[in-house]
Amino acid sequence: MNAYVFAFLIIFQAVFIVAFVYLFIRYTNLKKTFSKYQRGLCGLLKTINSVRYGNLFERINNETLEVFPKLSKSVNSMIESIVDREDMIKEYQNDLNKKIDVLTEVEELKEDFVATLTHDLKVPILAEKNMLSFLLDNRFGELNEKQHQALMHLKNSNKELVELVEIILETYKLNETKIELNKEEIDANRLIETTIEEMRPIADTDNIQINYWTEYQERIKLDEFYIKRVLKNLILNAISFSEPSSKIDVALCNNDKNIYIKITNYGKSIKKEELKHVFDKYYTTAKKFRKVGTGLGLYLSNKIVEAHKGKIFVESNEENEKYTTFIIELSR
Ligand SMILES: Nc1ncnc2c1ncn2[C@@H]1O[C@H](COP(=O)(O)OP(=O)(O)OP(=O)(O)O)[C@@H](O)[C@H]1O
Ligand SMILES: [Mg+2]
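Residue positions are given per chain, counting from 1 as you read along its sequence in written order. All chains are assigned letters beginning at A, and all ligands numbers beginning at 1, according to the order in which they are written. Given that this is a predicted model, residues contribute local features only at a pLDDT of at least 70 and side-chain atom pairs are listed and counted only at 80 or more, while totals for whole chains, interfaces and linings are drawn from all residues.

Visitor: I'd like a rundown of the domain arrangement of the protein, residues and numbers included.
Guide: Domain delimitation in this document rests on an assignment produced automatically or drawn from a domain database. Examined at the domain level, the protein breaks down into domain 1 (3-67) and domain 2 (184-331). Measuring from the centre of the C-alpha atoms in domain 1 to the corresponding centre in domain 2 gives 88 Å.

Dropping the structure here:
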């Protein structure tokens, strides 16, 4: 081997070693940088996940900040704005809760006011009722035909007023306590017939005829006072929403388990979309027909029948012959 070749080999070896050392150092640096970035990414992910699960105190750490300065600052300011929004939402929520409290208080005051007013109205109305009875009994002297008729009209209006006041009072009572039933075995036919007789003078005013059919003769256990109120409500509705000079059919029938009291009036029907609202509190279309109505009659009737573990159904036919039937189902 000559001297040139030997020198070349030595130089080549030296270059190779330098290149190897250089590459090794680069590799080690790259590895360090890679793991720094890896830790940075893990830091980012940890913070984002932590915020995702509601920890708004978490921020990007310094090591990640060094590696991804812009991204980290954006994430940190994003968390700050979430915190601000959260505070704003809490403030809104507090405001809203305060407003709800005030509204509830106003609502309670309003209900108390209406209940007290209605209750106080009852006294003069009942006094008027007694006075009218005295007058009609000729206790203050003989009445002529016209005077008698005028007083009869007044008596009917007074009766409607008493019923209206009673319905409102009953509803307020119902809000505070549950209906307490006093059930007794009674003759259902007698109950329905006497109720119809009581309602006949009101039906007569519009020349409406009330018919009654029965196929049930046994006694049934129920609270007479409350069921009479339901029957009166349903018959009064049937009269109010009937065409003048039409008829109302009342029927009592049964199957093995239940009895059914059906009250049908003709001429006006209830639209399909209104059917589901008729038992709602305060739902009334009375104003449309220039009548006075609280929209509590059916609400109360439904509650009373429910207290008896029964049901009230309504059927209404809009086509051809218009009619509306309310059906009370009570177990035997
Ligand atoms: N027999 C019926 N025929 C047609 N529509 C009826 C009949 N009964 C009830 N409705 C409808 O259901 C609504 C609610 O009846 P509900 O008895 O609860 O209140 P109201 O009769 O309007 O007022 P209130 O009974 O309190 O004086 C009525 O306004 C009416 O639109
Ligand atoms: Mg009614």
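Visitor: Break down the packing of helix H6 (residues 224-240) against helix H8 (residues 297-307) for me, citing the residues and quoting the values.
Guide: Packed helices, taken two at a time, are described by their axes: the angle between them and the distance between them. In this analysis an axis means a line fitted to C-alpha atoms, helices contributing only their contacting stretch, and an angle means the value between N-to-C directions, from 0 to 180 degrees. In this description a helix means any DSSP run of H or I spanning at least four residues, a strand means any run of E spanning at least two, and both kinds are numbered starting from the N terminus. At a minimum axis separation of 9 Å, H6 and H8 run at an interaxial angle of 145 degrees. Crossing hand, H6 versus H8: left-handed. Where H6 abuts H8, its residues Tyr226, Arg229, Val230, Asn233, Leu234 and Asn237 lie against Gly297, Leu298, Leu300, Ser301, Ile304 and Val305. For this classification, the nonpolar set comprises Ala, Val, Leu, Ile, Met, Phe, Trp, Tyr, Cys and Pro, the charged set comprises Asp, Glu, Lys and Arg, and every other residue, Gly included, is treated as polar. A breakdown of the residues in the contact of H6 with H8 according to their chemical character gives seven nonpolar, four polar and one charged. Whether a crossing is left-handed or right-handed is set by the direction in which the near helix is turned from the far one by less than a right angle, anticlockwise for left-handed and clockwise for right-handed. Once C-beta atoms are placed from the backbone, any two residues with those atoms within 7 Å are in contact.

Visitor: Lay out helix H5 (residues 188-205) with the relevant residues and their values.
Guide: Expected span of a helix: the number of residues minus one, times 1.5 Å. When the terminal C-alpha atoms of H5 are compared, their 27 Å separation across 18 residues agrees well with the 26 Å that a helix rising 1.5 Å per residue should span. The angle separating two fitted axes, one through the seven residues that finish at a residue and one through the seven that start at it, defines the bend at that residue. Along H5, the sharpest kink reaches roughly 40 degrees, centred on Met199 and followed within four residues by the proline Pro201. Backbone-placed C-beta atoms define the burial measure: a residue is buried with 20 or more other C-beta atoms within 10 Å of its own, exposed with 12 or fewer, and partly exposed in between. All of the buried residues along H5 are Ala188, Ile192, Thr195, Met199 and Ala203. Buried residues along H5 sit in contact with strand E1 (184-187), strand E2 (209-214), strand E3 (219-222), H6, strand E4 (247-254) and strand E5 (258-266).

Visitor: I'd love a proper account of the site of ligand 1, names of residues and values included.
Guide: Nearness is defined per residue: the C-beta atom, placed using the backbone, must lie within 6 Å of the molecule or strand. Around ligand 1, 21 residues are found, and the nearest of them are Phe241, Thr284, Gly293, Gly297 and Leu298. For the shell around ligand 1, the elements supplying multiple residues, two or more each, are H6 and H8.

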